[in-house]
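Overview (structure and organization)
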Amino acid sequence: MSEHVQQAGAAVRLDDVRFSYGEAQMRFDVEIRPAAITAVMGPSGSGKSTLLNLVAGFEKPDSGRVFIGHNDVTAVPPAARPVSMMFQENNLFAHLDVAANVGLGRSPSLRLTPADRAAVAAALERTGLAGKDHRLPRELSGGERQRVALARILVRNRPVLLLDEPFGSLGPALREDMLELLVGVQAERAMTVLFVTHQPGDARLIAQDMVFLEEGAVAATGAVETFFDETGPEAFRRYIGTDITEFARKRT
Ligand code: ADP
Ligand code: MG
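Sequence order as written defines the numbering, with residues in each chain counted from 1. All chains are assigned letters beginning with A, and all ligands numbers beginning with 1, in the order in which they are written. At least 70 in pLDDT is required for a residue's local features to be given in this predicted model, at least 80 for side-chain atom pairs to be given and counted, and no such filter applies to totals for whole chains, interfaces and linings, which use all residues. To get the side-chain values, all heavy atoms of the structure are used, and hydrogens and water are removed first.

Concerning the domain arrangement of the protein chain
Domain extents, as shown, originate in an automatic or database domain assignment. Along its sequence, the protein chain is organised into domain 1 (2–82 + 159–247) and domain 2 (92–157). Distance between the C-alpha centres of domain 1 and domain 2: 25 Å. In this analysis, two residues are considered to be in contact whenever any of their non-hydrogen atoms come within 4.5 Å of each other. The interface is formed by 20 residues belonging to domain 1 together with 13 residues belonging to domain 2. Buried area between domain 1 and domain 2, summed over both chains or domains, comes out near 1400 Å², and the portion from carbon and sulfur atoms is 57%. Any Lys or Arg side-chain nitrogen located within 4 Å of an Asp or Glu carboxyl oxygen qualifies as a salt bridge. Here domain 1 and domain 2 share 1 salt bridge between them. For R126, the salt bridge is made with E188, and the minimal N-O distance between the two is 2.8 Å. Polar contact is the term for a pair of N or O atoms within 3.5 Å; when the atoms are in protein, one must be able to donate a hydrogen and the other to accept it, and sequence-neighboring residues count only if both atoms are side-chain atoms. Counting every contact that joins domain 1 to domain 2 gives 4 residue pairs in polar contact (both at pLDDT 80 or more). A run of H or I in DSSP counts as a helix once it spans at least four residues, and a run of E counts as a strand once it spans at least two, with each numbered from the N terminus. The leading source of residues in the side of domain 1 that touches domain 2 is helix α5 (residues 172–189), at 9 residues. Each residue gets one label: Ala, Val, Leu, Ile, Met, Phe, Trp, Tyr, Cys and Pro are nonpolar, Asp, Glu, Lys and Arg are charged, and the others, such as Gly, are polar. For the side of domain 1 that touches domain 2, a count of residues per class yields 12 nonpolar, 4 polar and 4 charged. Summed over both partners, the accessible area (1.4 Å probe) lost when two parts come together is defined as the buried area.

Written as structure tokens, this is what we have:
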């Protein structure tokens, strides 16, 4: 791979993108700010995963265009997009150890140069996994497995990072550790991050911007803090419940 050079985040734009799985009609027209963390929230089935899959290229728009930076990537296959993606689980290959799972981010055939191996070691160090190189995924905790996934993202070094409820199965303390790690890594690499979460507090803690979805479309966007006061978007307030002032008080 040639993009070992650090890349700054790129804006992501969905330009009047239409997509449907038969029944579910979706339409996304939205611009994501570069080098920032944007939270993606919305009820189950509102299209959060579909939005990410359209950016990653796992789904193709029926019409409209997807841009990453200045490039129209609508017809570009997933592997050639400048994007990494992380899911709630199953990010790792069960039969490969930690070092190999991370090394895949550098070379799909695992033919690693000394520079690649050094990058893997640095990423393991950065994510708190030093010394665990030869563990298999089943010998790790859920939090550690997500650290491995994050280490692979670091060695890939792509400007756009898509996270689909990545810490959804972790308890509150572990989740907070992972959020802190994510914020640090995002700041170092200036990645453009789309972060799907069901936790308003997590969005408030790490994201600068919010995209709120309802029924397959963007219902509201803007700076995160504008969502968490009495004048926040009505649809969002309905979603998280009426007690929005409670949030405003708790998270200072
Ligand atoms: P979210 O991630 O917000 O829960 P999704 O993007 O997964 O929502 O789903 C959006 C809509 O598309 C829902 O109505 C869902 O039922 C439908 N859907 C998602 N994936 C598929 C699929 N593979 N086949 C058919 N319908 C799907
Ligand atoms: Mg989803």
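Observations concerning the nonpolar core
Nonpolar cores are built from buried Ala, Val, Leu, Ile, Met, Phe, Trp, Tyr and Cys residues. Side-chain atoms within 4.5 Å join them into one set. Accessibility here uses a 1.4 Å probe with only protein chains present; expressed as a share of the type maximum, an area under 20% marks a residue as buried, one over 50% as exposed, and anything in between as partly exposed. Ranked by size, the top nonpolar core spans 43 residues in total, and within it F167, L182, F195 and M210 carry the most contacts. Among the elements that take part in this core, helix α4 (residues 142–156) stands out by supplying 7 residues, more than any other. A domain-level breakdown of this core finds at least three residues from each of domain 1 (2–82 + 159–247) and domain 2 (92–157). Not counting residues within four places of it along the chain, the set of residues in contact with F167 comprises M86, Q146, R175, M178, L179, L182 and F195. Core analysis: the next-biggest nonpolar cluster, separate from the first, contains 26 residues, L14, V17, L54 and V160 among them.

Focus on the layout of surface pockets
Considered as a void within the structure, the largest pocket measures approximately 540 Å³ in volume. In this analysis the probe radius is 1.4 Å and the grid spacing 1 Å, with only protein atoms considered; a cavity is a set of points the probe fits into but cannot get out of, a pocket is an open set with protein on both sides within 12 Å along at least five of seven lines, and lining residues have an atom within 4 Å of a point. Around the largest pocket, the lining comprises 21 residues; the ones closest to its centre are V83, S84, M85, R152 and R156. Looking at the lining of the largest pocket, the elements with two or more residues in it are β6 (83–86) and α4. Class assignment of the residues belonging to the lining of the largest pocket gives a composition of 14 nonpolar, 4 polar and 3 charged. Residues lining the lining of the largest pocket come from more than one domain, with at least three contributed by each of domain 1 (2–82 + 159–247) and domain 2 (92–157). Grid points are joined across faces, edges and corners, and a volume is the space filled by probe spheres set on the points.

Concerning the site of ligand 1
Here a residue is considered near a molecule or strand provided that any single heavy atom belonging to it is located within 4 Å of it. Taken together, Y21, A24, M26, P43, S44, G45, S46, G47, K48, S49 and T50 are the residues near ligand 1. Interatomic distance of 2.7 Å between a backbone N/O atom of G45 and an oxygen atom of ligand 1. One of the backbone nitrogen or oxygen atoms of S49 is found 2.9 Å away from an oxygen atom of ligand 1. Its free accessible area being 550 Å², ligand 1 has 57% of it covered by the protein chains. Elements with a contribution of two residues or more to the shell around ligand 1: β2 (24–32) and α1 (48–56). Here the shell around ligand 1 takes 3 residues from α1, the largest share from any one element. Within the shell around ligand 1, the residues separate by chemical class into 4 nonpolar, 6 polar and 1 charged. Accessibility throughout is a Shrake-Rupley quantity obtained with a 1.4 Å probe, and a residue counts as covered only by protein chains that appear here.

Here's the deal with the packing of aromatic side chains
The aromatic pairing rule takes the rings of Phe, Tyr and Trp, using the six-membered ring of Trp, and pairs them if the centres are within 6.5 Å, calling planes under 30 degrees apart stacked, those over 60 edge-to-face and the rest tilted. Evaluated as defined, the whole model comprises 6 aromatic pairs. With a centroid separation of 5.1 Å and an interplanar angle of 85°, the aromatic rings of F227 and F236 are classed as edge-to-face. Connected via pairs of aromatic rings, a cluster forms that spans F212, F227, F228, F236 and Y239.

What about the environment of I37?
The residue I37 is located in strand β3 (residues 37–41) in this model. In the structure, I37 is positioned 173 residues away from M210 in sequence and 8.6 Å away in space, judged by C-alpha atoms. Setting aside residues up to four positions removed in sequence, I37 forms contacts with V183, Q186, V193, F195, I206, A207, Q208 and D209.

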